[in-house]
Amino acid sequence: MENEESITDRQVSRRAILGAGAAAGLVTMMPTEGYAAGFSKAANVKGTISALFMKQAGYSDTDVAKMTADFKKVYPNVTVKTEFVAYEALHDKIVTSALAHTYDVVLIDVIWPAEFGSKKMVVDITNRWPASWTNDMLGGAVATAVYNKHYYGIPWILDTKYFFYNTEHMAKAKVDEASLDTWDGVMKAASAIKKAGLVKYPLAWSWTQSESMLCDYMQLLGAFGGQFLDASGKPAFNKGGGVQALEFMRKSIVDGLTDPVSTATAAEDDVRKMFSAGQISMGLNWTYMWAMANDPKQSKVAGKMKVLQTPAGPGGKRPGINGSMALSMSSGTKNPEAAWAYMSFLTSQKEQNAVAMDSLPVWKSSYTDPVVVKTSPAVVAQAKKELNDMILRPQVTKYNAMSLVIQAEVSKALIGQKTPQKALDDAATKAAAVLNA
Amino acid sequence: MIEEKRNVLERFKSSGRFRGEGILAFALILPSLLVVGWIILYPILRTFWMSFFDIESPLPGSYPFVGLHNYFAAFKSSDFRMVTEHSLYFTFVSTFFELTLGILIALLLNSPLKFRGFWRSIVVIPWALPTIVNGALWKWIYNGNYGVLNELLHVFHLGGQGHNWLGSPFEALNMVIIADIWKNTSLVVFFILAGLQTIPSDLYEAAKVDGSTPIKSFWNITIPLLVPSIMVVVILRTIDAFKVFDIIYIMTKGGPASGTQTISFYTYQQTFSNEYFGYGSALAYLIVIFTLVIAWFYIKLLRQGTLEGVS
């Protein structure tokens with residue numbers, strides 16, 4: 001988080017000096033500033049572009065189709081072809097299509113700007129980035145597409161993992177809901193629920209061997225005061241809070257509080273389904289879970305659930321994992337103006353506010369906009385707190401390779417093959433080898 | 001007579017007509033040659049070339065030549081050894097059970113059953129299902145919370161309640177193998193059934209007259225005459241099983257604790273997730289070499305068996 005702030009602050013001053021003239025020119029193209037102003041220029045933007053998105057519950061296919069239809073009204077001479085793939089396939093699809101220049105606009109995860117930016121697979125848009133955006137967007141959002149002080153995309157999805165719980169289970173087990181403010185309180189609540197026989201396992205997590213497991217681990221590492229990489233860029237997760245976080249995770253399995261399916265095949269959507277079925281009492285998940293688990297058509301716990309900021313660790317820290325994503329321009333695009341117009345349109349405040357129920361906007365002022373707040377008052381209240389304190393996974397060019405070796409070792413600790421300390425020491429050795437290779 | 005034919009052929013070859021037809025024939029196959037060359041030969045040669053470079057991006061550029069470093073790196077890697085072991089285990093166990101079950105089911109379907117055509121057609125269903133569907137299906141069957149397997153075991157008082165079949169590394173590997181066996185045994189059945197139908201019934205009748213029991217006939221007539229079919233299907237299944245990827249991707253993503261990572265899954269991750277294209281190319285060639293070695297071993301083994309059968 002410190003890193004995010006320093007980048008953002010430096011960027012503000014740099015942009016303040018350099019950007020005023022450029023921003024004035026660009027602003028007419030920004031739908032954020034009003035469609036009417038940009039419309040005369042919009043008519044000059046022509047051609048066909050392809051965009052790659054993630055198939056998800058946040059910004060769904062329907063949301064993107066609606067946004068694209070709105071775009072078409074403002075930019076009648078631009079045709080947009082959209083394609084959706086699962087998150088697991090998104091990175092590899094971008095990589096395999098890079099040489100063929102299949103897509104003009106691609107959705108990238110917060111962990112990829114370093115990789116794609118350094119390899120020039122996506123365009124450095126620093127020169128197009130208006131200075132006002134840095135102040136108008138939330139800090140965590142701005143950091144989404146920054147690498148080495150350059151911008152490689154426009155933040156679009158701003159997300160972190162919140163804590164959801166079943167209020168009925170808490171009441172029946174006589175758990176004070178205020179105790180869920182800390183992880184220690186969560187474990188005590190889980191024990192009480194288990195003892196009361198309400199569910200076999202009160203907790204479930206996204207701990208299948210994948211990036212989702214690392215997101216949960218990072219969020220807990222932050223809560224326990226750990227550090228992922230030290231100031232010199234070397235792995236530091238095998239010390240202090242990093243180890244305590246993994247010990248905490250393993251203990252929850254050993255104590256029978258976490259459903260063992262978590263380490264087998266469970267990812268975020270499995271947690272949502274288990275929670276919606278009333279099979280578990282608590283869990284961490286992205287924003288989208290609120291709307292789906294609170295929908296009586298697809299959930300047994302609708303109206304019997306609440307959402308909280310992620311619980312605090314022993315030292316009171318409680319950063320949420322930065323799970324944001326950005327729209328980037330592929331370096332092979334033949335139509336950068338149309339690509340830029342589409343990216344900036346979809347990320348505009350008006351478009352984001354319109355579908356705030358599914359995914360919260362990246363713009364600060366949206367959180368005081370009554371229309372946005374009304375869509376999901378419970379989540380917005382927690383988002384205001386959690387989005388100001390997020391933990392960023394390291395922006396290193398070999399993030400994926402490093403993540404894979406850590407995932408394997410964390411998985412070994414979770415199923416009891418290795419102690420947390422041994423697993424993290426081995427992970428640190430392997431991660432250092434990847435980073436130094 | 002033969003001499004006369006040869007002379008006619010020679011005269012035809014020396015005539016312009018033959019040359020004209022040759023050119024026409026070549027022109028006709030040229031489009032296919034170009035397509036095959038472009039989409040099969042070029043990538044094969046290109047991948048081989050890439051395996052000698054340290055390429056870490058899909059975009060063109062100048063990448064350092066590293067000789068055989070990528071191949072040595074694979075042999076030095078403990079992860080590579082681990083995934084090779086998983087692949088070999090997967091290959092031998094799945095192929096063995098698919099062959100055994102395939103022969104038994106084919107024998108059953110070759111016998112005079114009622115509704116034989118119906119039984120033969122439903123055997124195709126598992127093989128006709130896309131692997132992605134098969135993987136999702138078995139993932140649900142094995143689920144510890146709502147899986148059918150636990151429910152069945154519970155109904156028959158065999159325990160299994162809440163057991164996570166994909167929860168520990170070795171067990172998960174075996175469970176994925178069962179899913180693979182369920183799907184691919186069908187293919188073995190077809191090959192063996194086709195082989196069984198080519199065996200003349202006179203042989204069995206003659207053997208019966210000579211006092212042979214059905215079991216003796218099976219070992220002395222059926223199996224030796226099935227060897228060509230077995231050889232083909234075993235090689236096909238071995239190659240397929242050794243490069244297994246999709247069912248792993250769907251069911252376990254290589255976990256838990258990398259227990260179900262196979263060589264193809266590892267190669268995919270190294271190549272596309274980590275963008276180690278040079279290393280990934282070397283791994284792809286190692287897969288080819290391993291597959292050829294296994295296939296050669298089988299062919300040798302089965303040829304010996306064929307000769308023994310003949311003698």
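The rules behind these values
Residues numbered from 1 in each chain as written. Chains lettered and ligands numbered in written order. Predicted model: local features only at pLDDT ≥ 70, side-chain atom pairs only at ≥ 80, totals over all residues. Heavy atoms only, no water. Salt bridge = Lys/Arg side-chain N within 4 Å of Asp/Glu carboxyl O. Helix = DSSP H or I, 4+ residues; strand = E, 2+ residues; numbered from the N terminus. Buried < 20%, exposed > 50% of the residue type's maximum accessible area, 1.4 Å probe, protein only. Contact = heavy atoms within 4.5 Å. Buried area = accessible area lost by both parts, 1.4 Å probe. Polar contact = N/O pair within 3.5 Å; in protein donor to acceptor, adjacent residues only side chain to side chain. Patch = residues over 30% accessible without salt bridge, like charges linked within 9 Å, V, L, I, M, F, W, Y side chains within 5 Å. Areas by Shrake-Rupley, 256 points an atom, 1.4 Å probe, with all protein chains shown as cover. Expected span 1.5 Å × (residues − 1). Bend = angle between axes of the 7 residues up to and from the residue. Pairing = 2+ DSSP bridges. Axes fitted to C-alpha atoms, helices over the stretch in contact; angles between N-to-C directions. Domains from an automatic or database assignment. 1 Å grid on protein atoms, 1.4 Å probe; cavity = no way out; pocket = protein on both sides within 12 Å on 5 of 7 lines; lining within 4 Å. Points joined across faces, edges and corners; volume = space filled by probe spheres on them. Nonpolar A, V, L, I, M, F, W, Y, C, P; charged D, E, K, R; others polar.

Here we come to the pattern of salt bridges. Residue and element names in this part refer to chain A. Here the structure, examined in full by the defined rule, presents 26 salt bridges over all chains. Among the ionic pairs, E177 bridges to K306, the shortest N-O distance being 3.3 Å. Within this pair, whereas E177 is found in the loop between α8 (167–172) and α9 (183–195), its partner K306 is found in strand β9 (residues 305–308), the two being separated by 129 residues in sequence. Judged by relative accessible area, E177 falls into the partly exposed class, the value being 26%. Judged by relative accessible area, K306 falls into the partly exposed class, the value being 41%.

On the chain A side, the residues contacting the 33 residues of chain B number 36 residues. When the two sides are added together, the surface that chain B and chain A hide from each other amounts to roughly 2,600 Å², 52% of it contributed by carbon and sulfur. Among the residues chain B hides against chain A, the three largest losses belong to B:L59, B:N145 and B:A257. Together they make up 19% of the total. Summed over the shared surface of chain B and chain A, the result is two salt bridges. As a salt-bridge pair, A:K119 and B:E275 come within 3.5 Å of each other at their nearest N and O atoms. Here chain B and chain A share nine residue pairs in polar contact (both at pLDDT 80 or more) between them. Going through the elements one at a time, α12 (246–251) and α13 (263–273) of chain B are the ones with two or more residues in the side of chain B that touches chain A.

What follows concerns a nonpolar patch on the surface. Taken together, the side chains of B:V35, B:V36, B:W38, B:I39, B:I40, B:Y42, B:I44 and B:L45 make up a nonpolar region of the molecular surface, amounting to roughly 820 Å² of accessible area. With respect to the secondary-structure elements, B:V36 resides in helix α2 (residues 16–50).

On to helix α11 (residues 214–242) of chain B. The first and last C-alpha atoms of α11(B) sit only 35 Å apart over 29 residues, clearly below the 42 Å expected at 1.5 Å per residue. Where α11(B) bends most, at B:V227, the angle is about 50 degrees, and the proline B:P228 comes one to four residues later.

Here we take up the pairing of strand β1 (residues 47–54) of chain A. Residue and element names in this part refer to chain A. Most of β1 sits inside the fold, with six of its eight residues counted as buried. Two elements, β1 and strand β2 (residues 78–85), share eight bridges in a ladder whose sense is parallel. Residue M54 lies in a different strand from β2, and its bridge partner there is V85. Pairing of β1 with strand β3 (residues 105–109) involves two bridges; the strand directions are parallel. Within the sheet, the bridge partner assigned to A51 lies in β3 and is V105.

Turning our eyes to something else, we now look at the sheet that holds β3(A). Each strand in a sheet pairs with another by means of backbone hydrogen bonds, the pair being arranged parallel or else antiparallel. Residue and element names in this part refer to chain A. The strand order across the open sheet built from five strands is β2-β1-β3-β11-β6, with neighbouring strands paired in mixed fashion. Looking along the sheet, the strands with just one partner apiece sit at the ends: β2 and β6 (154–157). Pairs of neighbouring strands in the sheet enclose a mean axial angle of 30 degrees, with direction left out of account. This element, helix α15 (residues 336–346), spans β1, β2, β3, β6 and β11 (325–329) of the sheet and lies at about 165 degrees to β11.

Further remarks concern the domain arrangement of chain A. All names here are of chain A. Segmenting chain A into domains produces domain 1 (2–159 + 323–391) and domain 2 (162–321 + 398–436). Measuring from the centre of the C-alpha atoms in domain 1 to the corresponding centre in domain 2 gives 29 Å. Taken together, the contact between domain 1 and domain 2 spans 23 residues of the former and 22 residues of the latter. The contact between domain 1 and domain 2 buries some 2,000 Å² in all, and 62% of this surface belongs to carbon and sulfur atoms. Together, D159, E386 and I391 form the three largest contributors to the area buried by domain 1 at its contact with domain 2, with a combined 33%.

Time to look at the sheet that holds β9(A). Residues and elements named next belong to chain A. Spatially, β8-β7-β9 is the arrangement adopted by the three strands of the open sheet, whose pairing is antiparallel. Lying at the two open borders of the sheet, with one neighbouring strand each, are β8 (282–285) and β9. Averaged over all neighbouring strand pairs, the angle between strand axes comes to 25 degrees, with direction disregarded. Of the pairings in the sheet, the one linking strand β7 (residues 162–166) to β9 comprises four bridges and is antiparallel in character. Bridged to Y165 within β9 is K306. Sheet strands touched by α9: β7 and β8. Its angle to β8, the strand with the most contacts, is close to 140 degrees. On the sheet, helix α18 (residues 377–386) packs against β7 and β9 and is oriented at approximately 20 degrees with respect to β9.

Enumeration over the complete set of coordinates arrives at five cavities of 30 Å³ or more. Reported here for the largest cavity is a volume of approximately 90 Å³. Lining the largest cavity are A:I94, A:S97, A:A98, A:H101, A:T102, A:Y103, A:V106, A:M121, A:S330, A:S331, A:G332 and B:L59. Grouping the amino acids of the lining of the largest cavity by side-chain chemistry returns six nonpolar, six polar and no charged. A volume near 60 Å³ is recorded for the second largest cavity.

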